[in-house]
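# Inside the fold
What follows is the residue order along each chain.
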2 protein chains.
Amino acid sequence: MTLDNLFRPALSQMLPYAPGEQPPPGSGIKLNTNENPYPPPPAVVEAIRQAATGPLNRYPDPMANSFRQAAAEALGIPGPEWILAGNGSDEILTLLVRGFVGEGQKLRLPYPSYILYRTLADIQGASWEQTPFEDGWKLPAAFGNNSDDLRLVLLPNPNSPSGTIVPPSEVKKISDSLTCPLVVDEAYADFAETNCLDLVKQNERVFVTRTLSKSYGLAGLRFGFLVAQPHVVAELTKIKDSYNCDAISIAAATAAMGCKDWLANIKTKMNATRAAMQTRLTAMGFDVTPSHANFVWCQHPSSNHKAIYEYLKQNQILIRYMQFPDWGDGLRISVGTDEQIDTCLSTIERALKS
Amino acid sequence: MTLDNLFRPALSQMLPYAPGEQPPPGSGIKLNTNENPYPPPPAVVEAIRQAATGPLNRYPDPMANSFRQAAAEALGIPGPEWILAGNGSDEILTLLVRGFVGEGQKLRLPYPSYILYRTLADIQGASWEQTPFEDGWKLPAAFGNNSDDLRLVLLPNPNSPSGTIVPPSEVKKISDSLTCPLVVDEAYADFAETNCLDLVKQNERVFVTRTLSKSYGLAGLRFGFLVAQPHVVAELTKIKDSYNCDAISIAAATAAMGCKDWLANIKTKMNATRAAMQTRLTAMGFDVTPSHANFVWCQHPSSNHKAIYEYLKQNQILIRYMQFPDWGDGLRISVGTDEQIDTCLSTIERALKS
């Protein structure tokens, strides 16, 4: 038997998840993976520099309790035991799928949405089903339907690529209808006006995931967390590696939770850039979906999206061209600095004319 | 249905892995989790401080290529594509079990050994079987036997709790006999005189795992790696989170790979302390197993091991009391500084007299 036959069949059959392109730093304008264009809060940088000379020869706190305490206070969560820290919210999503979805079972996601969830199902040897959004990115009631083998439902909210948000009242209806857990992936919630944290308190089957990658400018740090009722956190702790978060990222993430003013300012600044982007793209003839996240989804009624993407790439500007089978395609542009966005949009104008 | 019934049954039934106690830093002498008593190389600390002001708002290199290049050079591995970086070797072990062992399948480990492997099987809904070491911590030929459902064999080498090592020639015999992959967990190999890296080049079914936690004094950083043939690394990459290592730990681990003289000095110093520990424990009447790792396993023919552990704990000294059902118990003492070890052993002397 060759080694290829020794891998679990689920793996041999699956395609890997392809994250957005990551060129070397400094090579042009990067608006393709929804990173924050601004550096993280100075208090976070200082916390990292201090942690560098801390006792790195010792294992970190397995539960990242300093972070849990700070996050509970910052977010108005009843206590630290409602929080599970992870090596990026990617790890939290992996733990959730491993916790609830066995081989041959199923998870559900909306469509078009974050296709990583499909990869996580594939790795498990599980299956996935997609519920198409209705016109205007509305979530159909069928998203709350139950079936025997359905074990987990995942809702990115705000959604990607659309940047749209399902109001908490609608999410509540879905979660009340479901007998399995609902994960509300709030990676972009810091740029929106509503979130579903309150639903976690009302329903043990609602979980919220968050990341520090987007709003806090810490994609390089790998830190995310789950908000769920304490017995859920306790059970998922059994699956995680004993020391899943390192001492430096715990110190940095703890410091970040204290930067409320910084976060409010970043939100104001980036949402202003977003509004200007939307106005100008609309003026250029794009159909622009009003965004609640740090990116804008747009479609041009008469131009070739892929050609625009390629034109930008030739000019050292990376945005995301996304094509969803049986649905359509479009462009997702991350909110950058005003200068980056001006360069990007001016280049798109040239592309439309060429 | 309550939420408890919604977790995968494998999880509800399993007991969590219990790592060694982690009291707050600075509270006594800690010799229970085989951490390095010395801080990491100064070049690593400097790399972290520099990375703190790097582009943390950007995602890290998904494959940690700077580290892979440096590690390949430092270890004489054919190229970076033979290395997979992980968030601690714990993550690498998790990926290996997820890659090869499906629900209802089996992994094998020696006994007594690193019981985390059992937890990893439990999480998968897989089973595990233990092959007892023979007298003198020799590995029986049966460790290389095959069976239909056996999908992965794990060998910590040097082993814990014993600190013993199976020579590469013996490991080769086992791996030649096995039709499934053999993972040689070399967490402690930097303290030994031999390792199995060469076997990886000879056999696509031999994988070696390493960690920076022990020898490099970087338990707090969470960085480990796999050495395997390139097609194995490529397939396992499909399972890992896209950005499983953060920018700071990549920079730190890359710097560590350049610290060959520092590593040689630490090995000389700690192995000298280990030799002195072994001599003194033997003089105190312990049966001491000659160690090839940064800890010493010892058993006293007439004293109560647990009572010694408790006595030390009352004196703010933590060592590991380990009890293996159907086998026996003993004490595992990490190599500390000479001063820490002197205090620890003097306290054990008092415990023996009390």
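Residues numbered from 1 in each chain as written. Chains lettered and ligands numbered in written order. Predicted model: local features only at pLDDT ≥ 70, side-chain atom pairs only at ≥ 80, totals over all residues. Heavy atoms only, no water.

## Quick look at the domain arrangement of chain A
All names here are of chain A. Partitioning chain A into domains gives domain 1 (3–30 + 261–353) and domain 2 (42–258). Each of domain 1 and domain 2 has a C-alpha centre, and the two are 23 Å apart. Counting from both sides, the interface comprises 25 residues of domain 1 and, opposite them, 30 residues of domain 2. Summed over both sides, the interface of domain 1 with domain 2 buries roughly 2,400 Å², with 64% coming from carbon and sulfur. Between domain 1 and domain 2 we count 1 salt bridge in total. Among the salt bridges present, the one from E193 reaches K267, with a minimum N-O distance of 3.6 Å. At the boundary of domain 1 with domain 2, the tally comes to 7 residue pairs in polar contact (both at pLDDT 80 or more). (Domains from an automatic or database assignment. Contact = heavy atoms within 4.5 Å. Buried area = accessible area lost by both parts, 1.4 Å probe. Salt bridge = Lys/Arg side-chain N within 4 Å of Asp/Glu carboxyl O. Polar contact = N/O pair within 3.5 Å; in protein donor to acceptor, adjacent residues only side chain to side chain.)

## Here's the deal with the pattern of salt bridges
Counted under the stated rule, the structure contains 32 salt bridges over all chains. Linking B:K106 and B:E129 is a salt bridge whose minimum nitrogen-to-oxygen distance equals 3.2 Å. A residue pair is termed long-range when its members are at least 10 positions apart, and B:K106 in strand β3 (residues 106–111) and B:E129 in strand β4 (residues 127–132) qualify at 23 residues. Note on B:E129: relative accessible area 23%, which makes it partly exposed. Put simply, B:E349 and B:R280 hold a salt bridge, and the shortest N to O gap is 3.3 Å. Residue B:E349 is found in helix α12 (residues 338–353), and its partner B:R280 is found in helix α10 (residues 260–283); the two are separated by 69 residues along the sequence. When its relative accessible area of 27% is taken as the criterion, B:E349 is described as partly exposed. In this structure B:R280 comes out as partly exposed when scored by relative accessible area, which is 23%. It is possible to trace a salt-bridge network through shared partners that takes in A:K106, A:R108, A:E129 and A:D149. (Helix = DSSP H or I, 4+ residues; strand = E, 2+ residues; numbered from the N terminus. Buried < 20%, exposed > 50% of the residue type's maximum accessible area, 1.4 Å probe, protein only.)

## Some remarks on the interface of chain B and chain A
With 76 residues of chain B in contact, the opposing surface of chain A contributes 77 residues. Summed over both sides, the interface between chain B and chain A buries roughly 6,700 Å², with carbon and sulfur atoms accounting for 55% of that surface. Per-residue buried area on chain B facing chain A is highest for B:Y59, B:R98 and B:K238; these three make up 11% of the total on that side. B:E35 is the partner of A:R58 in a salt bridge, and the nearest nitrogen-oxygen pair spans 3.0 Å. There are 44 residue pairs in polar contact (both at pLDDT 80 or more) connecting chain B and chain A. Looking at the side of chain B that touches chain A, the elements with two or more residues in it are α1 (9–13), α2 (42–52), α4 (89–100), α5 (116–124), α8 (230–237) and α9 (247–257) of chain B. Among the elements that make up the side of chain B that touches chain A, the one with the highest residue count is α4(B) (6 residues). In terms of residue class, the side of chain B that touches chain A is built from 35 nonpolar, 22 polar and 19 charged. (Nonpolar A, V, L, I, M, F, W, Y, C, P; charged D, E, K, R; others polar.)

## Section: the sheet that holds strand β9 (residues 287–289) of chain A
Residues and elements named next belong to chain A. Strand order in the open sheet formed by 4 strands is β9-β10-β13-β12, and the pairing between neighbours is antiparallel. The open sheet has two free edges, formed respectively by β9 and β12 (320–324), since each of these has just one partner strand. Strand-to-strand twist across the sheet, computed as the mean angle between neighbouring axes with direction ignored, equals 30°. Pairing analysis gives 5 bridges linking β12 to strand β13 (residues 328–334), with the strands arranged antiparallel. Residue pairing across strands places M322 opposite G330, the latter belonging to β13. Sheet contacts for helix α10 (residues 260–283): β9, β10 (295–299) and β13; angle to β10, the most-contacted strand, approximately 10°. Here helix α11 (residues 305–314) sits on the sheet and contacts β10, β12 and β13; the angle it forms with β13, its principal contact strand, is near 30°. (Pairing = 2+ DSSP bridges. Axes fitted to C-alpha atoms, helices over the stretch in contact; angles between N-to-C directions.)

## What to know about the side chain of B:T337
Residue and element names in this part refer to chain B. Mapped onto the elements of the fold, T337 is located in the loop between β13 (328–334) and α12. Its relative accessible area of 17% is what places T337 among the buried residues. Non-local contacts of T337, meaning those with residues more than four positions away in its chain, are made with P37 and Y38.

## A word on the relation of the copies chain B and chain A
Note on the identical chains: chain B maps onto chain A by a rotation of 180° and an axial translation of 0.0 Å, with an RMSD of 0.0 Å. These values place the two chain copies in the arrangement generated by a two-fold rotation axis. Among all C-alpha atoms of chain B, that of B:R49 lies closest to the rotation axis, at 2.6 Å. The fraction of interface residues of chain B whose copies in chain A are also interface residues reaches 100%, indicating that both copies meet through the same surface. (Least-squares fit on C-alpha atoms with pLDDT ≥ 70 in both.)

## A short note on the packing of helix α4 (residues 89–100) of chain A against helix α5 (residues 116–124) of chain A
Residue and element names in this part refer to chain A. The interhelical angle for the contact between α4 and α5, taken along N-to-C directions, is 45°, at an axis separation of 10 Å. Judged by the angle between their axes, α4 and α5 are oblique. Of the two possible hands of crossing, α4 and α5 adopt the one that is right-handed. Two secondary-structure elements touch here, α4 through D90, L93, T94, V97 and R98 and α5 through L116, Y117, L120, A121 and Q124. Here the contact of α4 with α5 is built from residues that sort into 6 nonpolar, 2 polar and 2 charged. (Parallel < 35°, antiparallel > 145°, perpendicular 65-115°, else oblique. Left-handed = near helix turned anticlockwise from the far one by under 90°.)

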